[in-house]
Amino acid sequence: MPFDIPAPPPGEPAWPYELYKLLKEAGVTQLSYVPDAGHKVLINLSLADPDMHSIPLTSEEEGVAMAAGADLGGQKHVLLMQSSGAGNCINMLSLPRLGKFPFLTLLSMRGDFGEGNPWQMPMGKSVQPVLEACDVVCLKVEQPDEVIPTVDAALTMAFQSHESVAVLLGQKLIGAKKFG
């Protein structure tokens with residue numbers, strides 16, 4: 001029986017539900033993640049969907065290897081992580097680069113617009129230049145109406161051009177976190 005994506009509860013943004021629908025329509029069958037509030041809706045939808053393999057990780061770099069395995073098995077994989085997890089993946093990002101397989105990650109940003117936690121600032125400011133130095137194309141999203149066209153473009157770049165692509169979901173989109 002096909003999985004019916006529910007409507008968002010009143011007052012909740014619609015874009016995460018539309019994003020999950022886009023991933024399904026694009027043939028993504030695997031989502032891996034380290035638990036993260038910024039990806040809560042996507043994670044919960046994937047856990048409820050019997051057709052999606054939802055894989056919790058102990059560390060984000062495992063998701064890079066999952067993408068390699070998915071491609072070798074003829075499936076599409078997306079890694080969900082917070083921007084601070086990008087630092088854990090730096091060495092592993094050589095795998096899709098040298099293996100020429102598609103890699104797509106959706107990063108919920110921290111250390112970005114309105115961040116209140118000083119510990120999140122260094123990596124937040126470093127994520128994009130570090131990923132670009134690892135030959136990862138970075139596409140930043142700040143507004144709800146940018147989510148679907150940006151992720152759609154990222155899906156094409158990753159799965160048709162075999163590029164490594166990161167969509168940075170900015171704090172203007174997901175909300176700034178206060179500290180203390």
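Only a predicted model underlies this, so the values are computations on that prediction, with no experimental measurement involved.

## Some details on the pattern of salt bridges
Link 1 in the chain: With the rule as written, the count across this model stands at 6 salt bridges.
Link 2 in the chain: Of the charged contacts in the structure, one is a salt bridge between arginine 110 and glutamate 115, with a shortest N-O distance of 2.8 Å.
Link 3 in the chain: You can call arginine 110 buried: its relative accessible area is 11%.
Link 4 in the chain: Taking relative accessible area as the criterion, glutamate 115 reaches 13% and is therefore assigned buried.
Link 5 in the chain: Of the charged contacts, one joins lysine 140 and aspartate 112 as a salt bridge, the two residues approaching to 2.9 Å between their closest N and O atoms. Of this pair, lysine 140 sits in strand S5 (residues 137-141) while aspartate 112 is found in the loop between strand S4 (103-108) and helix H6 (121-133), placing the two residues 28 residues apart along the sequence.

## As for the side chain of glutamine 120
Link 1 in the chain: Its location among the elements puts glutamine 120 in the loop between S4 and H6.
Link 2 in the chain: Dropping the residues within four chain positions of it, glutamine 120 is found in contact with Gln82, Ser84, Arg110, Gly111 and Glu115.

## Comments concerning the sheet that holds strand S3 (residues 76-82)
Link 1 in the chain: One open sheet accounts for 6 strands, arranged S2-S1-S3-S4-S6-S5; its pairing is parallel. Looking along the sheet, the strands with just one partner apiece sit at the ends: strand S2 (53-56) and S5. Neighbour-to-neighbour, the strand axes of the sheet open up by a mean angle of 20°, direction not taken into account.
Link 2 in the chain: Sheet strands in contact with helix H2 (residues 40-48) are strand S1 (28-33), S2, S3 and S4, and its direction is about 125° off that of S1.
Link 3 in the chain: Taken strand by strand, helix H3 (residues 61-72) contacts S1, S2, S3 and S4, and its axis lies near 170° from that of S3.

## A closer look at H2
Link 1 in the chain: Among all positions of H2, only Val41, Leu42, Ile43, Leu45 and Ser46 are buried.
Link 2 in the chain: As for H2, its buried residues are in contact with helix H1 (15-25), S1, S2, S3 and S4.

## Regarding the environment of proline 16
Link 1 in the chain: Summarising the element assignment, proline 16 is placed in helix H1.
Link 2 in the chain: Between the C-alpha atom of proline 16 and that of histidine 39, which follows or precedes it by 23 residues, the distance is 8.3 Å.
Link 3 in the chain: Excluding residues that lie within four positions of it along the chain, proline 16 makes contacts with Val41, Leu42 and Leu45.

So, how was this worked out
Residues numbered from 1 in each chain as written. Predicted model: local features only at pLDDT ≥ 70, side-chain atom pairs only at ≥ 80, totals over all residues. Heavy atoms only, no water. Salt bridge = Lys/Arg side-chain N within 4 Å of Asp/Glu carboxyl O. Buried < 20%, exposed > 50% of the residue type's maximum accessible area, 1.4 Å probe, protein only. Helix = DSSP H or I, 4+ residues; strand = E, 2+ residues; numbered from the N terminus. Contact = heavy atoms within 4.5 Å. Pairing = 2+ DSSP bridges. Axes fitted to C-alpha atoms, helices over the stretch in contact; angles between N-to-C directions.

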